[in-house]
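Coordinate analysis (summary)
The lines below spell out each chain.
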Amino acid sequence: GLIVYGLFFVIVLAFIQGIGTLEDGETRVFAENLRNLPAFTDSWFLFVGTSFFMMEGSITLVVPLQESLIRAEDQAIFPRSNAIVTTAIVIFYIIFSIICCGAFGDDIHTALTASLEGTLATTIQLAYSVAVILTFPLQAFPAMEVVNSNLLRQESGHDMQRRFLSTFVICLLGLIAHSAI
């Protein structure tokens, strides 16, 4: 919910800024920024690196998700479903990027939330911060599967030990992160 809130209002703020006019009173901000958007800039490699980074979380979850499927027919359709969902996400990212580049132009920052201003922008930044904190256990899932499988036996009676070990490691990592701030 928090991510959807942030995405929705970033697009709203981009449209509000983008439909404004320049000093000449006729040219829309969207049109001017997209017209002046160079195809290749010095920050191209930053863009490519950021693009790979945005898919990092989903790639690490593919194998654990497929292995967690119990029925063989679900495992058989997983690659196609994953391809469709990943393609839809990439298309959304492209459209989202065009809207934001058109609205913010050269004033856009690598972290898009830094390009936003106002109270609504602060709530979007807060929503993303809370979402990152709440999704950390999901991000740690692949690593926790490795830790659990190497430290605990695979017997069914060890579910409580697995939960305790996972909770302990997540809390320990949270304390380490907090102390680093």
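Relevant structure appears above.
So, about the overall build of the chain. In terms of regular secondary structure, the chain is built from eight helices and zero strands. Taken from N to C terminus, the helices and strands of the chain fall in the order α-α-α-α-α-α-α-α. For the chain, long-range pairs separated by at least 24 residues make up 54% of all intrachain contacts whose partners lie at least 6 apart in sequence. On the chain, roughly 13100 Å² of surface is accessible, and the fraction owed to carbon and sulfur atoms is 69%.

Turning our eyes to something else, we now look at helix 1 (residues 2-18). With 17 residues, helix 1 should reach 24 Å at 1.5 Å per residue; the first-to-last C-alpha distance of 24 Å fits that figure. Those residues of helix 1 not exposed but buried are Gly6, Val10, Leu13, Ala14 and Gly18. Seen along its axis, helix 1 keeps its buried residues to an arc of 130°; they face one direction. For helix 1, the exposed residues set more than 90 degrees away from the buried face come down to Val4 and Ile16. Those residues of helix 1 hidden inside the fold are in contact with helix 2 (29-35), helix 5 (72-104) and helix 6 (119-139).

Glancing now at helix 8 (residues 159-180). In this model helix 8 runs 32 Å from its N-terminal to its C-terminal C-alpha over 22 residues, within 8% of the 32 Å that 1.5 Å per residue would give. Within helix 8, the full set of buried residues consists of Arg162, Leu165, Ser166 and Ile170. An end-on view of helix 8 places all buried positions within 125° of arc, on one side of the element. Pointing more than 90 degrees away from the buried face of helix 8 are the exposed residues Met160, Phe164, Leu175, His178 and Ser179.

Let us look at the packing of aromatic side chains. Under the counting rule described, the total for this entry stands at four aromatic pairs. Relative to Phe9, the ring of Phe8 has its centre 4.9 Å away and its plane inclined at 80°; by these criteria the two rings are edge-to-face.

Next up on the list: the pattern of salt bridges. Here the structure, examined in full by the defined rule, presents two salt bridges. For Arg71, the salt bridge is made with Glu73, and the minimal N-O distance between the two is 3.4 Å. Of the residues examined, Glu73 reaches a relative accessible area of 46% and is grouped as partly exposed. Arg71 serves as the salt-bridge partner of Asp74, at 3.0 Å between the closest nitrogen and oxygen. Taking relative accessible area as the criterion, Arg71 reaches 47% and is therefore assigned partly exposed. Through salt bridges with shared partners, a single network forms among Arg71, Glu73 and Asp74.

In this fold, Ser115 is placed in the loop between helix 5 and helix 6. In contact with Ser115, other than residues within four places in its own chain, are Phe104, Asp107, Ile108 and His109.

Before going further, it helps to examine the nonpolar core. Where a protein is soluble and globular, its nonpolar side chains tend to be buried together. Core analysis: the biggest nonpolar cluster contains 13 residues, and Val10, Cys100, Phe104, Leu112 and Leu116 have the highest contact counts within it. Elements represented by at least two residues in this core include exactly helix 1, helix 5 and helix 6. The dominant element in this core, judged by the number of residues it contributes, is helix 5, at five residues.

Thresholds applied
- Residues numbered from 1 in each chain as written.
- Predicted model: local features only at pLDDT ≥ 70, side-chain atom pairs only at ≥ 80, totals over all residues.
- Heavy atoms only, no water.
- Helix = DSSP H or I, 4+ residues; strand = E, 2+ residues; numbered from the N terminus.
- Contact = heavy atoms within 4.5 Å.
- Areas by Shrake-Rupley, 256 points an atom, 1.4 Å probe, with all protein chains shown as cover.
- Expected span 1.5 Å × (residues − 1).
- Buried < 20%, exposed > 50% of the residue type's maximum accessible area, 1.4 Å probe, protein only.
- Arc of directions from axis to C-beta.
- Phe/Tyr/Trp six-rings, centres within 6.5 Å; stacked < 30°, edge-to-face > 60°.
- Salt bridge = Lys/Arg side-chain N within 4 Å of Asp/Glu carboxyl O.
- Core = buried A, V, L, I, M, F, W, Y, C linked by side-chain atoms within 4.5 Å.

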